[in-house]
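Survey of secondary and tertiary structure
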Amino acid sequence: MALKRVGILTGGGDCSGLNAVIRAVTRTAAIGYGCAITGILDGFEGLITKRSEELTVRSTRDILTLGGTILGTTNKGNPFQYRELAPDGSIKVSDQSDRAVENFRSMGLDCLFVVGGEGTLEIGYKFFEKGIPVIGIPKTIDNDLDKTDYTFGYQTAIEVACDALDRLHSTGRSHQRVMILEVMGRTAGWISLEAGIAGGAHIILIPEIPYNIERVVEKITAREKGGSPFTIIMVAEGAKEEGGDVITQASASTRLQGVPQLGGVGFHLADQIKSRVDLEVRCTVLGHIQRGGSPCAFDRVLGTRLGAEAVRAAAEGNFGVMVALKTPFITLVPLKELAGKVRSVPADSQLIQCAEAIGISMGR
Ligand code: F6P
């Protein structure tokens, strides 16, 4: 189909590589199809409030290496369940999706590229069902999206987490301490597992394998008895004890977002270990450092490929799909197949087998 004007928005938590996608979509649409590009600001919020800016080859110059998203994003603006803070402090929930569809039409867009993770793509699919020609582009540091080998942002996050672990290694060894690094990932353990293996962690805890504190302590004391009184522990924010719950934080953003903010398991683990062994224990929470900054080369290439293929799919009239990496190809997957699916680390994962084979404790 002849594309005249396309729209793009970035939704959910940011990650490295979003600007690589925006640049690729803009350049492919402009250079390959002579098409105009509207950048919708702050995710679906911009579609509700009709805020956008023109994207051109010139305006997207030099953004390839830039962290974040030049369009802004939010993980609080689901138009189907729009949450607003009322003056009395209560949360008012309303459906703003018709308004968003109306705005999409009045912007004169032929299609909408929705760049996001599971939640954002689910909203994208709902808009597709409401008649908007949507193409999804998968992002998230968590790497928990089904039907794609990798999401962009993930490799950068594990590089950052691995670098942090390397640094904790040298200080932990010098002081003979137990060093804990808490990383993100929500309910999936990919970042913890891969960065933990890459950074030589001695213990890796992931949400998919509830940990037993006695097994964790056994590993620490075995190392101590073996002449290595320092231990490096990688723990995913979503990790929990056998029979326990995921640790969450109460925050204003949680109320507006409607999903709990994870975090705190690292310090909880530190307290548990301190009460059982006579060693110094320190915890570092890596947090949003994993999401910021320049994308690594892999994420720049993946983001660029996904963006270019998304425009090609639109020109061929393929909508209601997500562009996905099926190594070595970029393929199209129906958005419908993603609905509500989160890809966790499988119980029989070779990565887990590999970790345990080389002596890493998974806390079980
Ligand atoms: O989904 C990406 C992610 O970074 C998670 O790993 C993390 O739990 C969450 O977003 C943090 O969200 P926020 O930016 O709202 O703190």
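Rules used throughout
Residues numbered from 1 in each chain as written. Predicted model: local features only at pLDDT ≥ 70, side-chain atom pairs only at ≥ 80, totals over all residues. Heavy atoms only, no water. Pairing = 2+ DSSP bridges. Helix = DSSP H or I, 4+ residues; strand = E, 2+ residues; numbered from the N terminus. Axes fitted to C-alpha atoms, helices over the stretch in contact; angles between N-to-C directions. Contact = heavy atoms within 4.5 Å. Parallel < 35°, antiparallel > 145°, perpendicular 65-115°, else oblique. Left-handed = near helix turned anticlockwise from the far one by under 90°. Nonpolar A, V, L, I, M, F, W, Y, C, P; charged D, E, K, R; others polar. Expected span 1.5 Å × (residues − 1). Buried < 20%, exposed > 50% of the residue type's maximum accessible area, 1.4 Å probe, protein only. Near = heavy atom within 4 Å. Polar contact = N/O pair within 3.5 Å; in protein donor to acceptor, adjacent residues only side chain to side chain. Areas by Shrake-Rupley, 256 points an atom, 1.4 Å probe, with all protein chains shown as cover. Domains from an automatic or database assignment. Buried area = accessible area lost by both parts, 1.4 Å probe. Salt bridge = Lys/Arg side-chain N within 4 Å of Asp/Glu carboxyl O.

Quick look at the sheet that holds strand β3 (residues 52–55) now. With mixed pairing, the seven strands of this open sheet are ordered in space as β3-β2-β1-β6-β7-β14-β15. The sheet is open, and its two edges are formed by β3 and β15 (329–334), each paired on a single side. The mean inter-strand angle of the sheet, taken between neighbouring strand axes irrespective of direction, is 30°. Where strand β1 (residues 5–10) and strand β2 (residues 36–40) come together, four bridges link them in parallel fashion. Note on β2: the bridge partner recorded for Gly 7 is Thr 38. The strands that helix α1 (residues 18–33) touches are β1, β2, β3, β6 (111–116) and β7 (134–138); relative to β1, the one it contacts most, it runs at about 180°.

The interhelical angle for the contact between α1 and helix α10 (residues 297–315), taken along N-to-C directions, is 40°, at an axis separation of 8 Å. Compared by their axis directions, α1 and α10 come out oblique. For the crossing formed where α1 meets α10, the hand is right-handed. Where α1 abuts α10, its residues Ala 20, Val 21, Ala 24, Val 25, Thr 28, Ala 29 and Tyr 33 lie against Arg 300, Gly 303, Thr 304, Gly 307, Ala 308, Val 311, Arg 312 and Ala 315. For the contact of α1 with α10, a count of residues per class yields nine nonpolar, four polar and two charged.

The end-to-end C-alpha distance of helix α4 (residues 118–129) is 17 Å, a good match for the 16 Å that twelve residues give at a rise of 1.5 Å each. Residues Thr 120, Leu 121, Ile 123, Gly 124, Tyr 125 and Phe 127 constitute the buried set of α4. Where α4 is buried, its residues contact α2 (44–49), α3 (97–106), β6, β7 and β14 (321–326). Two residues or fewer past α4, Gly 131 is found with a positive phi of approximately 105°.

Considering the arrangement of structural elements, one finds Thr 148 in the loop between β7 and α5 (154–175). Owing to a relative accessible area of 1%, Thr 148 belongs among the buried residues under this scheme. With residues up to four places along the chain from it excluded, the contact list for Thr 148 reads Pro 138, Met 322, Ala 324, Leu 325, Lys 326 and Arg 343.

The next subject is the sheet that holds strand β8 (residues 178–183). Read from one edge to the other, the open sheet built from four strands follows the order β9-β10-β8-β13, with strand pairing classed as parallel. Each edge of the open sheet carries a strand with a single partner, namely β9 (203–205) and β13 (281–285). This sheet shows a mean twist of 15° between the axes of neighbouring strands, independent of strand direction. One ladder, built from three bridges, connects β9 with strand β10 (residues 231–236); its direction is parallel. Residue pairing across strands places Ile 204 opposite Met 234, the latter belonging to β10.

Let us now look at the site of the ligand. Looking at the ligand, there are ten residues lining it, with Asp 142, Met 184, Glu 237, His 288 and Arg 291 nearest. At a separation of 2.8 Å, an oxygen atom of the ligand approaches a polar side-chain atom of Arg 291. In isolation the ligand has 400 Å² of accessible area, and contact with the protein removes 84% of it. Taken together, the residues of the shell around the ligand sort by class into two nonpolar, four polar and four charged. Both of domain 1 (5–152 + 295–337) and domain 2 (157–292) provide at least three residues apiece to the shell around the ligand.

We now examine the domain arrangement of the chain. According to the domain assignment, the chain contains domain 1 (5–152 + 295–337) and domain 2 (157–292). Between the C-alpha centres of domain 1 and domain 2 there is a distance of 32 Å. Both sides of the domain 1 and domain 2 interface together cover about 1500 Å² of buried area, and 54% of this is carbon and sulfur. Viewed at the interface, domain 2 and domain 1 are joined by one salt bridge. A salt bridge links Asp 14 to Arg 291; the nearest nitrogen and oxygen atoms lie 2.9 Å apart. Inspection of the region where domain 1 meets domain 2 yields three residue pairs in polar contact (both at pLDDT 80 or more). With three residues, strand β4 (residues 82–85) is the single largest residue contributor to the side of domain 1 that touches domain 2. Of the residues belonging to the side of domain 1 that touches domain 2, the class tally is six nonpolar, six polar and six charged.

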